[in-house]
Amino acid sequence: MFPRGSCGVGHSVPAGRRRAPAERDASAVSPAIEAPEVGPGDESLAEPLLLPWDRFSAWLHCICVVGFDLELGQAVEVIYPHHSKLTDKETCSDLSLFPWPRTGCLGDTQFCFRFRQAAGRKSSLGCFLEHFDRDAPVCLKRDQGHYYGYVYFRQVRDKSLKRGYFQKSLVLISKLPYVTFFHSLLKLIAPEYFEKQEPCLEAACNDIDRWPAPCPSRVLTLPIMGVVMKVRIPSCYDKPGMSQLVHSSENDSLVSIVLPSIHEVDLFRCFSPVFFHIQMLWELVLLGEALVVMAPSPAESSDTVLALVSCISPLRYCSDFRPYFTIHDSEFKEYTTRTQAPPSVILGVTNPFFAKTLQHWPHIIRIGDMKQMGEMAKQMKVKKLKNLKTLDSKPGVYSAYKPFLNRDEEIIKQLQKGIQQKRPSAAQNAILRRHFLELTQSFIIPLERYVASLMPLQKSISPWKSPPMLRPFSQDEFMKTLEKAGPQLTSRLKGDWIGLYRQFLKSPNFDGWFRNRWKEMTQKLEALHLEALCDEDLLLRIQKHTEVETVDLVLKLKDKLAQAEREQLPVKAGTLARLQNHIESVILTLPEDLQGILLKPSSP
């Protein structure tokens, strides 16, 4: 067991946590390429974590070892750090990841899964982590209701065991959707663990507990078991589609691994088996349709689901998705029932049982072996669902869905030409990612433009009145704007864009996007109102106030200041300090007995 309080090198334990700074210049964008590097123990650019295991918890919830016992079946053998907990329901989901033995899984396999967080679970680092989430892209924010499980599964023949196989999984449980990063981390930890067992996990956890927090826009150097990884955490200020390269520095002689991305999967490889249907798949994901991916292995299942979810980036996929879903999953009955319509969810499965259980689902993607990187699917026709009877059915898309937009023949020709010319897979992937990005941006820009028009004019903001309300979203009003300012301005695709928008406005993805934009605009109004208050001469204003009115003004201003810090309002640099000075100046005009009461710091 870890000696709590002694294994976190360089930790101090002050009496309380410091509040994360709320003040920032909303218009300032920190260029990623100029961002200083942050290494272990460097607190100059990140809020210090104050307790043992806080640094570890900023990245991971825990590390699990799942084995197979002939009598007990699958079992969680150990959890690191030892004080970490999983509920029975969460443990059940953790066990559901274990692939059944078959020839195709011999050797080492990596994949990921996702499961619901138990109700009522709260993190002691909630406020601190929200500070870092604020500047993260929407697709990379911590998942509030789910955990990700990143798996390294080893299965080899072993005649000394009754079962005839050695089977064990090393699993990283995290809130962060950094799939590429955690798979790379597992490649370093897992082989060492299988050789040296638990002391290796203890060493790895101690190393992670010295890492700086995953701060957006920063380049981090992360030592792990004698190896140094160098990564950059993306920021919401990054230009979509622009690769933020990790630049070399004087200390790079110590760096063993440089990751160009912490989260992106290979879209071209994942979509190759159903290449001619990428346009339709983009629409299905955008509209939050029920989708199931049937694949021959957990790795191909999870990669394809993650590729589907990311194809509408920078729009966040707001429905549930399960990269690897099994019959043992706690939501199995909920998601496979025939008593109601399939939910808005994307499932990745490998068990042949699902071919029958999910036959009533409206959209099924059958993925073949992805190992043939240079090959492309020849089947172009969307197949009827009745033709899908077993997991051995031919690869393809089984659906009765009719796309709203015409197929983009240009992107198909471009990638086909790349295959013929043996263009590197990374280049093919970049072309396809750019295609999806431009398609999503063309779709979302008219919505962004209309929603921005719902903001009241800045001149209507008065410091002595409540901030004005946003105008409500009107579907009819928005549709009228599409005639002159629709996606046709930026996209060459033809088709029923109006019908696609109407369907999208009913989807969970629109609901999630609009809620987020509404929150951002409401906070912007609050910030502008706060800045207007700071521009007022409050001492002149209170000359006409009674003592009671002045005290009431002070209390309201202190509430506004607390709200700005709590909600991290996007105020200009220096605004909160100016407001604090205004409050203190007003308090000093009051009698001494009231000054003593009002100048006392608020309780944390």
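The structure displayed is predicted, hence computed values, not measured ones. Numbering of residues begins from 1 in every chain and follows the order in which that chain's sequence is written. Totals for whole chains, interfaces and linings use every residue, but because this is a predicted model, local features are given only for residues with pLDDT of at least 70 and side-chain atom pairs only at 80 or more, for both listing and counting. For side-chain calculations, the full set of non-hydrogen atoms in the structure is used, while hydrogens and water are omitted.

Please explain the packing of aromatic side chains as it appears in this structure.
Note on aromatic pairs: each is described by the distance of the centres and the angle between the planes. Each Phe, Tyr or Trp ring (for Trp, its six-membered ring) is paired with any other whose centre lies within 6.5 Å, and the angle between the two planes then decides the class: stacked below 30 degrees, edge-to-face above 60, tilted in between. Considering all chains together, one arrives at 38 aromatic pairs under this definition. Ring plane angle 15° and centroid distance 6.1 Å describe the contact between Y148 and Y150, whose orientation is recorded as stacked. Here's how the labels work: a residue is buried when its accessible area is under 20% of the maximum for its type, exposed when over 50%, partly exposed in between, all with a 1.4 Å probe on protein chains only. You can call Y150 buried: its relative accessible area is 1%. On the basis of an interplanar angle of 10° and a centroid distance of 4.3 Å, the ring pair of F443 and Y501 is categorised as stacked. Residue F443 is located in helix 12 (residues 425-452), and its partner Y501 is located in helix 14 (residues 497-504); the two are separated by 58 residues in the primary sequence. Every member of this aromatic cluster is reached through a ring pair, and the members are W282, F443, Y450, F473, F478, Y501, F504, F510, W513, F514 and W518. The helix count covers DSSP runs of H or I at least four residues long, the strand count covers runs of E at least two residues long, and both are numbered beginning at the N terminus.

What's the story with the sheet that holds strand 13 (residues 363-366) in this structure? I'm lost.
The strands making up a sheet associate through hydrogen bonds between their backbones, and the pairing can be parallel or antiparallel. A pair of strands is considered paired only if DSSP assigns at least 2 bridges between the two. Taken in spatial order, the 5 strands line up as 11-12-10-13-14 in an open sheet, and their pairing is mixed. The open sheet has two edge strands, strand 11 (320-322) and strand 14 (396-399), and neither has a second partner. Here the strands of the sheet are splayed against their neighbours by 15° on average, with no regard to which way each runs. With respect to the sheet, helix 8 (residues 298-310) is in contact with strand 10 (291-294), strand 11, strand 12 (345-349) and strand 13, its orientation differing from that of strand 12 by roughly 160°. Orientation is described by lines fitted to C-alpha atoms, with helices fitted over the stretch in contact, and by angles between N-to-C directions that extend from 0 to 180 degrees. Residue contacts follow a heavy-atom distance rule, with two residues in contact if any of their heavy atoms lie within 4.5 Å.

What should I look at first to understand the pattern of salt bridges in this one?
Oppositely charged side chains may form a pair once their charged atoms are brought near each other. Salt bridges are counted wherever a side-chain nitrogen of Lys or Arg sits within 4 Å of a carboxyl oxygen of Asp or Glu. Evaluated as defined, the whole model comprises 23 salt bridges. We note a salt bridge from D535 to R578, for which the minimum N-O separation is 3.0 Å. Of this pair, D535 sits in the loop between helix 15 (508-534) and helix 16 (538-541) while R578 sits in helix 18 (residues 575-587); the two residues are 43 residues apart in sequence, bridging distant segments of the chain. What makes D535 exposed here is its relative accessible area of 57%.

Mind showing me how you'd approach the side chain of H61 here?
Residue placement: H61 occurs in the loop between helix 1 (54-59) and strand 2 (62-69). For H61, a relative accessible area of 18% puts it in the buried group.

Would you explain the environment of L538 in this entry?
Topologically, L538 is positioned in helix 16. Taking the C-alpha atoms as reference points, L538 and I583, separated by 45 residues in sequence, lie 8.7 Å from one another.

How should I be thinking about the packing of helix 4 (residues 179-196) against helix 5 (residues 198-208) in this particular structure?
When two helices pack together, their arrangement is captured by the angle between the axes and the distance separating the axes. Where helix 4 meets helix 5, the closest approach of the two axes is 7 Å, and the angle between their N-to-C directions is 150°. Comparing the axis directions of helix 4 and helix 5 gives the class roughly antiparallel. The residues of helix 5 that touch helix 4, namely those facing L185, I189, E192, Y193 and K196, are E198, P199, C200, L201, A204 and I208. Grouping the constituent residues of the contact of helix 4 with helix 5 by class yields 8 nonpolar, no polar and 3 charged. Roughly parallel means an angle under 35 degrees; roughly antiparallel means over 145; roughly perpendicular covers 65 to 115; every other angle is labelled oblique. In the scheme used here, Gly and all other residues not listed as nonpolar or charged are polar, with Ala, Val, Leu, Ile, Met, Phe, Trp, Tyr, Cys and Pro taken as nonpolar and Asp, Glu, Lys and Arg as charged.

What is the right way to read unusual backbone geometry from this model?
Where the residue is not glycine, phi is negative for most of them; where a peptide bond is considered, it is trans in most cases. Note that the residue after Y80, namely P81, is joined by a cis bond; omega there is -15°. With an omega of 15°, the peptide bond running from S313 to P314 counts as cis. Examined against the element boundaries, P314 turns out to sit in the loop between helix 8 and strand 11. We note that Q197 has phi near 65°; this positive angle belongs to a residue other than glycine. Note that Q197 resides in the loop between helix 4 and helix 5. Non-glycine residue S217 carries a positive phi angle of around 80°. Residue position: S217 is located in the loop between helix 5 and strand 7 (219-224). Judged by its relative accessible area of 8%, S217 falls in the buried class.

Sorry, what's going on with the environment of R269 here?
Tracing the backbone shows R269 in helix 6 (residues 267-271). Overall, R269 belongs to the partly exposed group, its relative accessible area being 22%. Taking the C-alpha atoms as reference points, R269 and E300, 31 residues apart in sequence, are found 9.8 Å from one another. Two N or O atoms form a polar contact when they lie within 3.5 Å of each other; inside protein one atom must be a possible hydrogen donor and the other a possible acceptor, and for residues adjacent in sequence the pair counts only when both atoms belong to side chains. Of note is the side chain of R269, whose polar atom sits 2.5 Å from the side chain of D303.

Sorry if this is basic, but what is going on with the packing of helix 7 (residues 278-286) against helix 12 here?
Close contact between helix 7 and helix 12 brings their axes to 12 Å; oriented N to C, the two are set at 50°. Here helix 12 runs oblique to helix 7, going by the angle between their axes. Seen along the crossing, helix 7 lies across helix 12 with a hand that is right-handed. Between helix 7 and helix 12, the contacting residues are I278, Q279, W282 and L286 on the first element and L432, H435, F436, L439, T440 and F443 on the second. For the contact of helix 7 with helix 12, a count of residues per class yields 7 nonpolar, 3 polar and no charged. Crossings are sorted by hand: turned counterclockwise from the far helix by less than a right angle, the near helix makes the crossing left-handed, and turned clockwise it makes it right-handed.

Looking at this model, I keep getting lost on helix 7. Mind explaining?
Because each turn of an α-helix spans 3.6 residues, side chains separated by three or four positions in sequence point in the same direction. The buried count for helix 7 comes to 9 of 9 residues, which makes it a mostly enclosed element. Within the span of helix 7, buried status applies to I278, Q279, M280, L281, W282, E283, L284, V285 and L286. Note on helix 7: the residue one or two positions beyond its end, G288, has a positive phi of about 70°.

In this structure, what is going on with the pairing of strand 14? I would like to understand it.
Side-chain direction in a regular strand flips from residue to residue, so the side chains alternate between the two faces of the sheet. Neither face of strand 14 is left uncovered, since the one carrying G396 and Y398 and the one carrying V397 and S399 both have all their residues buried. Pairing analysis gives 4 bridges linking strand 13 to strand 14, with the strands arranged antiparallel. Within strand 14, the position partnered with I364 by the bridge is Y398.

What should I look at first to understand helix 11 (residues 409-420) in this one?
Here the expected length of a helix is defined as 1.5 Å per residue gap, with one fewer gap than residues. Over its 12 residues, helix 11 extends 17 Å from the first C-alpha to the last, a length consistent with the 16 Å expected when each residue adds 1.5 Å. Every buried residue of helix 11 is accounted for by I411, I412, L415 and G418. Looking straight down helix 11, one finds that the buried residues subtend no more than 125° of arc, so they occupy a single side. For helix 11, the exposed residues set more than 90 degrees away from the buried face come down to K413 and Q420. As for helix 11, its buried residues are in contact with helix 6, helix 7 and helix 12. In this structure D408 caps helix 11, since a side-chain oxygen of it lies 3.0 Å from the backbone nitrogen of E410. K422 lies just past helix 11 and shows a positive phi near 55°. This arc describes the spread of directions from the helix axis toward the C-beta atoms.

Scope: geometric values only; no functional claims are made or implied.
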